[in-house]
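This is what each chain is made of:
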Amino acid sequence: MSFFKNIFNKKEISIITVNDFWNWFTANEKTFYAIVKNGQHTETDFFDKLSPKLEQLKAGIYYVAGISKENIVELVFTPDGVIKNILFIEELIKVAPKLKNWKFTALKSEIAIENLSIRMADFTFSSKNLSFYPIEHQNQPDEVDIVIVYDDYNEEEQSIIVNGSFVFLDNYLGELNSVTTIDNAAVVGKAQAEKELIPIEKLKSYLVWREKEFIEKYNGLRYNTENDSYSSLEAELSNGNYLIATINATLLEWDSKASHPWILNVRINYDGNSNNGMPDTPTYELLNIMEDEIMEELKDFEGYLNIGRQTADNNREIYFACQDFRKPSKVLDEIIKKYDTKLAISYDLYKDKYWQSFERFRSN
């Protein structure tokens, strides 16, 4: 144990870049390997060292570690459902070092269902006690909405059962497929089921069929906003501040919204307390320059549609509907770094096939 103390009592290295992280990990990998292989104090002597380094690199990166019969430690990095972190993890693994006793994996891989059983608290999740059925939406035919049925469901342990069922899905489908092929999912018990139950092992083929249908319907579809009409909304909020929104009204009436299912919501906070929540002139100009830079990278004819923006209460939000989620996350990470000392920028990426987030902007 004194050897471990000597290793970690050295001056801590700040992790700023991906190379910083892998250099730090490589320098300590033999110690980490011995800890995992030994199977004792893994939490304190490995995970508690790894977590803060990942946090320095990027918030929201989690991991799972296990050791194979061949004594190879697999370290799986996962965004735990946060879409905007998927690309970062994939790129982190692309430059991972080749280490004899380690395997580094981006996102949870799919596991053959006959080998899959998840244990959580006092519950087990497997093909023996899970089934599903789809919900079809007449007005939203491309929505993939499923209900997972757990045989031993009870309200008192709802959070554990829901979490365990979703962990099972991540491992059965593979994490990437789980978050990209399913739009909505709920977990219920047999008593709450409203349709005939389908064995969970048939879920994968069902999702492959739905995805194939979707691709055939929308593959190659592009949209040009050059001749679109825009609407403006101005209002006074209850606190006396102003709200101004500019929205692509033509785009909101488009009948192929599902072809651009990923919504990018960019938020910029600024000091507008002395201006009824609106930015002052220098800030307004800087916001426009920054937005132009985003639009230069995310072009409509390449699959990224600028829906519009809203400004109110010291905050501007910019909205895009996208055909994929990887490029928007890369562009926004770079924008945030560029404007780090000038603007407080954050963003979300989520799936909303029918753009229900923007119903408030449509004319009644």
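As the structure is a computational prediction, the values presented were derived from the model and not from experiment. Counting starts from 1 at the beginning of each chain's written sequence and moves along it residue by residue. At least 70 in pLDDT is required for a residue's local features to be given in this predicted model, at least 80 for side-chain atom pairs to be given and counted, and no such filter applies to totals for whole chains, interfaces and linings, which use all residues. Calculation of side-chain values draws on the structure's entire complement of heavy atoms; hydrogens and water are dropped beforehand.

**Q** Help me understand the overall build of the protein chain, please; the structure alone is not making it clear to me.
**A** A count of helical and extended segments in the protein chain gives 10 helices and 15 strands. Taking the principal axes of the C-alpha coordinates as reference, the protein chain spans close to 65 × 60 × 40 Å. Whether two residues touch is decided by their heavy atoms; if any such pair falls within 4.5 Å, the residues are in contact. Here the analysis covers contacts within the protein chain between residues at least 6 apart in sequence; of these, 70% occur between residues at least 24 apart. Surface accessibility follows the Shrake-Rupley procedure with a 1.4 Å probe radius. Residue values consider only the protein chains on display as shielding. Surface exposure of the protein chain reaches about 19700 Å², of which carbon and sulfur atoms provide 47%. Going along the chain from the N terminus, every DSSP run of H or I of four or more residues is numbered as a helix, and every run of E of two or more is numbered as a strand.

**Q** Help me out: how do you make sense of helix 4 (residues 86-94) in this one?
**A** One full turn of an α-helix is made of 3.6 residues, so residues set three or four places apart face in the same direction. Of all 9 residues in helix 4, 7 are buried; the element is thus mostly enclosed. On its buried face, helix 4 is in contact with helix 2 (18-38), helix 3 (42-57), strand 2 (73-78), strand 3 (102-106), helix 6 (175-181) and helix 10 (326-338). The buried label applies to any residue whose accessible area, calculated with a 1.4 Å probe on protein chains only, is under 20% of its type's maximum; exposed applies above 50%, and partly exposed to all values in between.

**Q** In this structure, what is going on with the packing of aromatic side chains? I would like to understand it.
**A** How two aromatic rings sit relative to each other is set out by the distance from centre to centre and by the angle between their planes. Only Phe, Tyr and Trp rings take part, Trp by its six-membered ring, and two of them pair if their centres are within 6.5 Å. Stacked means planes under 30 degrees apart, edge-to-face means over 60, and tilted covers everything else. Tallied over the entire structure, the rule returns 30 aromatic pairs. Centroid distance Phe25 to Phe104: 5.4 Å. Interplanar angle 80 degrees. Geometry classified as edge-to-face. Separated by 79 residues along the polypeptide, Phe25 in helix 2 and Phe104 in strand 3 bring together distant segments of the chain. Through successive ring pairs, a cluster of aromatic residues spans Phe21, Trp22, Trp24, Phe25, Phe32, Tyr33, Phe46, Phe47, Tyr63, Phe77, Trp102 and Phe104.

**Q** How should the nonpolar core be read in this particular structure?
**A** Nonpolar side chains in soluble globular proteins tend to be buried together. To qualify as a nonpolar core, a set must consist of buried Ala, Val, Leu, Ile, Met, Phe, Trp, Tyr and Cys residues joined through side-chain atoms within 4.5 Å. Core analysis: the largest hydrophobic core is formed by 53 residues, its most contacted members being Phe21, Phe25, Phe46, Phe77, Trp102 and Phe104. A total of 8 residues in this core trace back to one element, the largest contributor, which is helix 2. Residues in contact with Phe21, not counting those within four places in the same chain, are Ile15, Leu50, Lys53, Leu54, Leu57, Phe77 and Leu92.

**Q** What is the right way to look at the sheet that holds strand 12 (residues 262-269) in this model?
**A** Sheet strands pair via backbone hydrogen bonds, and the direction of the pair is either parallel or antiparallel. Note on pairing: DSSP must find at least two bridges between two strands before they are called paired. With antiparallel pairing, the 6 strands of this open sheet are ordered in space as 10-11-13-14-12-15. Looking at which strands have only one partner, the edges of the open sheet turn out to be strand 10 (230-236) and strand 15 (344-351). Taken over all neighbouring pairs, the strand axes of this sheet differ in orientation by 15 degrees on average, direction set aside. To obtain an axis, a line is fitted to C-alpha atoms, over the contacting stretch when the element is a helix, and the angle between two such axes runs from 0 to 180 degrees between their N-to-C directions. With respect to the sheet, helix 9 (residues 281-297) is in contact with strand 12, strand 13 (304-312), strand 14 (315-322) and strand 15, its orientation differing from that of strand 14 by roughly 10 degrees. With respect to the sheet, helix 10 is in contact with strand 12, strand 13, strand 14 and strand 15, its orientation differing from that of strand 15 by roughly 170 degrees.

**Q** Would you explain unusual backbone geometry in this entry?
**A** Most peptide bonds take the trans form, and the phi angle of most residues other than glycine is negative. With a phi angle near 60 degrees, His41 is a residue other than glycine that sits in the positive phi range. Inspection of the secondary structure puts His41 in the loop between helix 2 and helix 3. Classification of His41 as partly exposed rests on a relative accessible area of 48%. For Asn276, which is not a glycine, the phi torsion comes out positive at approximately 55 degrees. When you line up the elements, Asn276 lands in the loop between strand 12 and helix 9. Note on Asn276: relative accessible area 32%, which makes it partly exposed.

**Q** Help me out: how do you make sense of the side chain of Glu317 in this one?
**A** Here Glu317 is to be found in strand 14. His is not counted, nor are the chain ends; Lys and Arg add positive charge and Asp and Glu add negative charge. By definition here, a salt bridge exists when the distance from a side-chain nitrogen of Lys or Arg to a carboxyl oxygen of Asp or Glu is within 4 Å. No salt bridge forms around the buried Glu317; measuring N to O, its nearest opposite-charge neighbour Arg360 is 4.7 Å away. Polar contacts involving the side chain of Glu317 include one to the side chain of Tyr319, which spans 2.9 Å. Once you skip the residues sitting within four places of it in the chain, Glu317 turns out to touch Asn265, Val266, Arg267, Gly308, Arg309 and Gln310. Throughout this description, a polar contact denotes any pair of N or O atoms lying within 3.5 Å of each other; where both atoms belong to protein, one of them has to be capable of donating a hydrogen while the other can accept it, and for residues adjacent in sequence the pair is counted only when both atoms sit in side chains.

**Q** Is there a simple way to explain the pattern of salt bridges in this structure?
**A** Any two side chains of opposite charge can pair, on the condition that their charged atoms come close. A full pass over the atoms with the stated rule returns 19 salt bridges. For Glu291, the salt bridge goes to Arg309, with nearest N and O atoms at 2.9 Å. With Glu291 in helix 9 and Arg309 in strand 13, the pair connects residues that are 18 residues apart, well separated along the chain. For the pair formed by Glu291 and Arg309, the shared burial category is buried. Close ionic contact of Arg316 with Glu291 constitutes a salt bridge, the shortest N to O distance being 3.9 Å. Taken together, the residues Arg316 in strand 14 and Glu291 in helix 9 connect sequence positions 25 residues apart.

**Q** Explain the pairing of strand 2 to me, please; I cannot follow it from the model alone.
**A** Here is the key point about a regular strand: its side chains alternate between the two faces of the sheet. The buried fraction of strand 2 is high, at 5 of 6 residues. If you look at the hairpin formed by strand 1 (residues 62-67) and strand 2, you'll find 5 residues sitting between the two strands, and Asn71 has a positive phi there, around 65 degrees. Here strand 2 pairs with strand 3 via 5 bridges, running parallel. For Phe77, the partnering residue across the bridge sits in strand 3 and is Ala106.

**Q** Can you help me understand the pairing of strand 6 (residues 130-135) in this one?
**A** Most of strand 6 is tucked away: 5 of the 6 residues are buried. In this sheet, strand 7 (residues 145-150) lies alongside strand 6 in antiparallel orientation, the contact comprising 6 bridges. Within the sheet, the bridge partner assigned to Ile135 lies in strand 7 and is Asp145. Sheet topology places strand 6 next to strand 9 (residues 198-199); 2 bridges connect them, and they run antiparallel. Paired with Ser131 across the bridge in strand 9 is Pro199.

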